[in-house]
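Geometric and topological summary
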Amino acid sequence: MLRQRHPGSSFKDLPSGWKATVVALAAIVALNLAATASFSVFWEGYQRTNAEARHRLRKPDSELQGVRMEVPREGKAPVSANLYLPADADGPARPLLVNVHGGGFVGGDADVLDTQSRRISDKAGFVVAAVDYTKADVEPIAYGAEEICDTVRYLVQNASSYGIDPSRVFVVGYSAGAYYAEESVERLQAGGLEPAGVVLCYPWTTGLSTGSLGAGHCPALFVLAGRDEISQRSKPYAESMRAAGVEVDVQEYADAVHSFIESNNPEGRGAETGDGGSEKDGSDAEKGEGGSEKDVLSEVINPEQERLAREAERQIEGWVAAR
């Protein structure tokens, strides 16, 4: 039996208004599919480029001054970190300083803090851990912050094995790493572990909120660079923390530029991306109109910036030692 054809059952039978709507919807779907495909290609290339840049910052194991470690996590991938124990490890338990590198949220590597972490551990007698957290182009910022928290928890749980005083845990972050540092201490406190302090060096604070902070938040030290827009934009956040009842100290180096602390180490002088030389989220402030990458590097890496970097390290060491 032939099936009876109903009016309007084919495209040509539709009213002209409906035809236009169907054509428009089909065009929108096609454009969305094309845009999605184009974005997927872009994103894969972006991730690949970032991964390659991070890989270039990683040192051969034979050249690392710290000790690589994998922090175990139940049901999750382990966290990579570099551990630095004081040369005179015997004696009373030491403060734990957790070093969080910057890199515009997608760059950098824990190895860029290798020389600095070793120096601080030996000079100040601290246990230092530099965390190689997962970057934001791979996992959300919250994931990286939780990796930092899990590293802190693991070291505190094994404090006697590493000579750590669990009541003296400090998290130090640089630029984007400072965002991660602040996010981490808030998570640690919410989970019942009370850090003794957080150090925020020329911190990226956009997106951080002081709405839930109170007098229970650990003391904070802001280390700012006078010739850096990111440092200047962080000042209202520091004031908001203080207004919320947080003990806040601010140390500003008038002639310093963004990334001056990490960049003035061998790892920074030899790198081309991330915090090793000129961090992307701060370079525009330093470059100026018509500036070149070489100009940026010379602004960040020079004897005066290195002098300020060492002065800032002594400031951080003294602030930690006093708590």
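In what follows, the accompanying structure is described.

Calculation criteria
- Residues numbered from 1 in each chain as written.
- Predicted model: local features only at pLDDT ≥ 70, side-chain atom pairs only at ≥ 80, totals over all residues.
- Heavy atoms only, no water.
- Phe/Tyr/Trp six-rings, centres within 6.5 Å; stacked < 30°, edge-to-face > 60°.
- Helix = DSSP H or I, 4+ residues; strand = E, 2+ residues; numbered from the N terminus.
- Buried < 20%, exposed > 50% of the residue type's maximum accessible area, 1.4 Å probe, protein only.
- Axes fitted to C-alpha atoms, helices over the stretch in contact; angles between N-to-C directions.
- Parallel < 35°, antiparallel > 145°, perpendicular 65-115°, else oblique.
- Left-handed = near helix turned anticlockwise from the far one by under 90°.
- Contact = heavy atoms within 4.5 Å.
- Nonpolar A, V, L, I, M, F, W, Y, C, P; charged D, E, K, R; others polar.
- Pairing = 2+ DSSP bridges.
- Right-handed = clockwise from strand over helix to strand, strands pointing away.
- Core = buried A, V, L, I, M, F, W, Y, C linked by side-chain atoms within 4.5 Å.
- Salt bridge = Lys/Arg side-chain N within 4 Å of Asp/Glu carboxyl O.
- Polar contact = N/O pair within 3.5 Å; in protein donor to acceptor, adjacent residues only side chain to side chain.
- Expected span 1.5 Å × (residues − 1).

Moving on to the packing of aromatic side chains. In this description, a pair of aromatic rings is defined by centroid distance and the angle of the planes. A full pass over the atoms with the stated rule returns seven aromatic pairs. Ring geometry for Phe-222 and Tyr-237: centres 6.5 Å apart, planes at 55 degrees, overall tilted. Note that Phe-222 is positioned in strand E7 (residues 220-225) and Tyr-237 in helix H6 (residues 229-243), a separation of 15 residues in sequence. Exposure class is identical for Phe-222 and Tyr-237. Each is buried. Grouped by ring-pair contacts, the aromatic residues Phe-105, Tyr-133, Tyr-179 and Tyr-180 constitute a single cluster.

Now for the packing of helix H3 (residues 141-157) against helix H5 (residues 176-190). At a minimum axis distance of 9 Å, the contact between H3 and H5 shows a crossing angle of 60 degrees. Taken as axis vectors, H3 and H5 run oblique relative to one another. Regarding H3 and H5, the two cross each other, and that crossing is right-handed. Together, Ile-141, Ala-142, Gly-144, Ala-145, Glu-146, Ile-148, Cys-149, Val-152 and Arg-153 of H3 and Tyr-179, Tyr-180, Glu-183, Ser-184, Arg-187 and Leu-188 of H5 make up the contact between the two elements. Of the residues contributing to the contact of H3 with H5, the split by class is nine nonpolar, two polar and four charged.

Bringing the pairing of strand E6 (residues 197-201) into the picture now. Within a regular strand, side chains alternate between the sheet's two faces. Most of E6 sits inside the fold, with five of its five residues counted as buried. Burial along E6 is two-sided: the residues Gly-197, Val-199 and Cys-201 and Val-198 and Leu-200 are all buried. As paired strands, strand E5 (residues 164-174) and E6 are joined by five bridges and run parallel to one another. For Gly-173, the partnering residue across the bridge sits in E6 and is Leu-200. The parallel pair E5 and E6 is bridged by H5, and the resulting crossover is right-handed.

A large share of helix H2 (residues 114-124) lies buried, amounting to eight of its eleven residues. Gly-125 sits one or two positions beyond H2 and adopts a positive phi of about 75 degrees.

As a further point, take the pairing of strand E1 (residues 67-73). Examined bridge by bridge, E1 and strand E2 (residues 76-84) share six bridges and lie antiparallel to one another. Bridged to Met-69 within E2 is Ala-81.

Counting 44 residues, the largest nonpolar core has Leu-96, Val-98, Phe-222 and Met-241 as its most contacted members. Ranked by the residues each element gives to this core, the list is headed by H5, at seven residues. Leave out the neighbours within four places in its chain, and Met-241 touches Glu-182, Thr-210, Leu-213, His-217, Ala-220, Phe-222, Val-246 and Val-248. In this structure, Ile-120, Phe-126, Val-128 and Phe-260 belong to the second largest nonpolar core, which totals 35 residues.

Moving on, we get to the pattern of salt bridges. For the structure on display, the rule yields 26 salt bridges. As a salt-bridge pair, Glu-267 and Lys-59 come within 2.8 Å of each other at their nearest N and O atoms. Of this pair, Glu-267 sits in helix H8 (residues 266-269) while Lys-59 sits in the loop between helix H1 (16-57) and E1, placing them 208 residues apart in sequence. With respect to class, Glu-267 is no different from Lys-59; both count as buried. The partner of Arg-242 in a salt bridge is Glu-239, and the shortest N-O contact between them spans 2.6 Å. Here Arg-242 and its partner Glu-239 are both found in helix H6, three residues apart, which amounts to about one turn of the helix. Take Arg-242: its relative accessible area is 35%, and that puts it in the partly exposed class. Among the residues examined, Glu-239 registers a relative accessible area of 45% and is labelled partly exposed. Within the structure, one salt-bridge network assembled from shared partners comprises Arg-73, Glu-146, Glu-147, Asp-150, Arg-153, Glu-183 and Arg-187.

Taken in spatial order, the eight strands of this open sheet run E1-E2-E4-E3-E5-E6-E7-E8, and their pairing is mixed. Whereas interior strands pair on both sides, the edge strands pair on one side only; in this sheet they are E1 and strand E8 (248-253). When strand polarity is set aside, the average angle formed by the axes of neighbouring strands in this sheet is 25 degrees. Packing against the sheet, H5 makes contact with strand E3 (94-100), E5 and E6, and its axis sits at approximately 145 degrees to E5.

The next thing to look at is the side chain of Arg-54. Structurally, Arg-54 is set in helix H1. The class for Arg-54 is buried, based on a relative accessible area of 14%. Reaching out from Arg-54, the side chain makes a polar contact with the backbone oxygen of Val-106 at a distance of 2.6 Å. Dropping the residues within four chain positions of it, Arg-54 is found in contact with Val-106, Gly-107, Gly-108, Asp-109, Lys-135, Asp-137 and Val-138.

In this model H5 runs 22 Å from its N-terminal to its C-terminal C-alpha over 15 residues, within 8% of the 21 Å that 1.5 Å per residue would give. Judged by how many residues are buried, H5 sits mostly within the fold: eleven of 15 residues are covered. Of the positions making up H5, those classed as buried are Ala-176, Gly-177, Ala-178, Tyr-179, Tyr-180, Ala-181, Glu-182, Ser-184, Val-185, Leu-188 and Gln-189. Just downstream of H5 lies Gly-192, where phi reads positive at about 100 degrees.

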